[in-house]
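# A look at the structure
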Amino acid sequence: MSLEMKDVCLTYADGEDRLVALDRVSLHVAAGELVAVAGPSGSGKSSLLAVAGTLLRPDSGTVRIGGVSVGELSASERTTLRRDRIGIVFQQANLIPSLTAAEQLTVMDHLRGRPHAATDLLAAVGLAGKEHRRPHQLSGGERQRVNIARALTGSPDVLLVDEPTSALDHARGAEIMALIARLCAERSVATLLVTHDLANVGHAHRVVEMHDGVLT
Ligand code: ADP
Ligand code: MG
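Right, let's walk through the structure included here. (Residues numbered from 1 in each chain as written. Chains lettered and ligands numbered in written order. Predicted model: local features only at pLDDT ≥ 70, side-chain atom pairs only at ≥ 80, totals over all residues. Heavy atoms only, no water.)

### Side note on the overall build of the chain
Basically, it comes down to this: Strands are runs of DSSP state E lasting at least two residues, helices are runs of H or I lasting at least four, and both sets are numbered from the N terminus onward. What the globule rule says is 2.2 Å times the number of residues to the power 0.38, and the radius of gyration is computed from C-alpha atoms. Working definition: with a 1.4 Å probe on protein chains only, accessible area under 20% of the residue-type maximum means buried, over 50% means exposed, and in between means partly exposed.
Scanning the chain from N- to C-terminus turns up six helices and ten strands. Against the 2.2 N^0.38 benchmark of 17 Å for 216 residues, the chain shows a C-alpha radius of gyration of 17 Å, consistent with a compact globule. With respect to the three principal axes, the spread of C-alpha positions in the chain is 50 × 40 × 35 Å. Here the chain holds 216 residues, and 50% of them are scored as buried.

Next comes the structure, spelled out in structure tokens:
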């Protein structure tokens, strides 16, 4: 299933004015494809992911997930679509300090009311044997792996990834990018990744640049 955005505009209130965060953005990400959006801080990358992830409604334009036009869904249909089809790796991992790596994933399963193999997913991201560690017992790169595994618990069709390497050194960042590329291919997930760091986009099938809300 693919992610498709067409002529998407998003503005925020800015005093008396509106700040244009996304300016007629069109983008297609096919199943199994990894598309990177590179742009400086403030260029609209997180806003792009929020709209793609149905967390924000655009002012105009359409977002389609697997051919379904998100704007035509009710709020509850949108919530269901997000839960079942979309995985989001937020820039801040926001792991729950008191929970083990495995429990970070099973919490998501409880929310969905479906069991999932946390152990298998953690192994898939390279954390076999570390299921029982809490966040403070994991390195930054390992916490990012838990973050990614958690986003995949619902077997999403679309994976949205915000600045996955920003808190990591270069070598760890490269490993995380390789991991995302592998998961994207193995699971046929349409993956949209945003970053300010062009050093890390080598694994992408396609790189698009964003400046002031415009994709170039
Ligand atoms: P990036 O992720 O590339 O740093 P963002 O999408 O976070 O960019 O922000 C794009 C622009 O929108 C910035 O100018 C930012 O200040 C502004 N912005 C982001 N979120 C909000 C918000 N909730 N309300 C008002 N302005 C916002
Ligand atoms: Mg951002």
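And the narrative resumes.
### Remarks on the side chain of R78
As a reminder, the rule being used: Only four residue types enter the charge count, namely Lys and Arg as positive and Asp and Glu as negative; His and the chain termini do not. Any Lys or Arg side-chain nitrogen located within 4 Å of an Asp or Glu carboxyl oxygen qualifies as a salt bridge. Contact criterion: two residues are considered in contact whenever any of their non-hydrogen atoms come within 4.5 Å of each other.
Its place among the elements puts R78 in helix α2 (residues 75-85). Summary of buried charges: R78 has no salt-bridge partner, and the nearest side chain of opposite charge, E77, is 7.8 Å away. Each residue touching R78, except ones within four places of it in the same chain, is listed here: T54, R57, V70 and L73.

### Here's the deal with the pattern of salt bridges
Using the criterion set out here, one finds eleven salt bridges in the structure. Linking R24 and D23 is a salt bridge whose minimum nitrogen-to-oxygen distance equals 3.1 Å. Its relative accessible area of 57% is what places R24 among the exposed residues. Note on D23: relative accessible area 23%, which makes it partly exposed. Across the pair D169 and R172 runs a salt bridge, and its minimum N-O distance is 3.7 Å. Residue classification places D169 among the partly exposed positions, given a relative accessible area of 43%.

### With respect to the site of ligand 1
Threshold: To be near a molecule or strand, a residue needs just one of its heavy atoms within 4 Å of it. Here a polar contact is recorded for every N or O atom pair within 3.5 Å, except that within protein the pair must consist of a potential hydrogen donor and a potential acceptor, and residues adjacent in sequence are included only if both atoms are side-chain atoms. Using the Shrake-Rupley algorithm and a 1.4 Å probe, accessible areas are obtained, with residue cover drawn only from the displayed protein chains.
Neighbouring residues of ligand 1: Y12, L19, P40, S41, G42, S43, G44, K45, S46 and S47. Contacts to ligand 1 include S43, whose backbone N or O atom sits 3.2 Å from an oxygen atom. Within the backbone of G44, one N or O atom sits 3.1 Å away from an oxygen atom of ligand 1. Coverage of ligand 1 by the protein amounts to 59% of the 560 Å² it exposes when considered alone. With three residues, the top contributor of residues to the shell around ligand 1 is helix α1 (residues 45-52).

### Thoughts on the nonpolar core
Which entries qualify depends on this criterion: Take the buried residues of types Ala, Val, Leu, Ile, Met, Phe, Trp, Tyr and Cys, join any two whose side-chain atoms come within 4.5 Å, and each joined set is a nonpolar core.
Counting 33 residues, the largest nonpolar core has L122, V125 and I148 as its most contacted members. Going through the elements one at a time, β3 (34-38), α3 (101-112), α4 (118-124), α5 (140-151), β7 (158-162) and α6 (170-186) are the ones with two or more residues in this core. If sequence neighbours within four positions are ignored, L122 has contacts with A101, A102, L105, L127, A128, E131 and A149. Within the second largest apolar cluster, 30 residues are counted, among which are L48, L49, V158 and V208.

### Topic: the layout of surface pockets
Under the convention used in this document: Using a 1 Å grid laid over the protein atoms alone, points where a 1.4 Å probe fits but cannot get out form a cavity; open sets with protein on both sides within 12 Å along at least 5 of 7 lines form a pocket; any residue with an atom within 4 Å of a point counts as lining. Grid points are joined across faces, edges and corners, and a volume is the space filled by probe spheres set on the points.
Approximately 420 Å³ is the volume attributed to the largest pocket. I86, I88, F90, M108 and R112 are, among the 19 residues lining the largest pocket, the residues nearest its centre. Counting only elements with at least two residues in the lining of the largest pocket, the list comes to α2, β6 (86-89), α3 and α5. With five residues, α3 is the largest single contributor of residues to the lining of the largest pocket.

### A look at the pairing of strand β4 (residues 60-65)
Sheet faces and side chains relate simply in a regular strand, where the side chains alternate between the two faces. Rules: Here, strands pair whenever DSSP counts at least two bridges between them.
In this sheet, β4 lies alongside strand β1 (residues 3-14) in antiparallel orientation, the contact comprising five bridges. Across the sheet, the residue bridging to L3 is I65, located in β4. Strand direction decides the pairing type here: β4 and strand β5 (residues 68-69), joined by two bridges, are antiparallel. When the sheet's bridge partners are listed, R64 is paired in β5 with S69. Hairpin connection of β4 to β5: two residues between the antiparallel strands, including G66 at a positive phi of 55°.

### Things to note about the packing of α5 against α6
In plain terms, the rule: Axis angles are defined between N-to-C directions and span 0 to 180 degrees, where every axis is a line fitted to C-alpha atoms and, for a helix, only to the segment in contact. An angle below 35 degrees is treated as roughly parallel, one above 145 as roughly antiparallel, one from 65 to 115 as roughly perpendicular, and anything else as oblique. Put simply, a crossing is left-handed when the front helix is turned counterclockwise from the back one by less than a right angle, and right-handed when it is turned clockwise.
Remark: α5 packs on α6, axes separated minimally by 10 Å, with the N-to-C direction vectors making an angle of 20°. With respect to α6, the axis of α5 lies roughly parallel. Of the two elements, α5 crosses α6, and the hand of that crossing is right-handed. Contact with α5, carried on its side by G141, Q144, R145 and I148, involves R172, E175, I176, L179, I180 and L183 of α6 and no other residues of that element.

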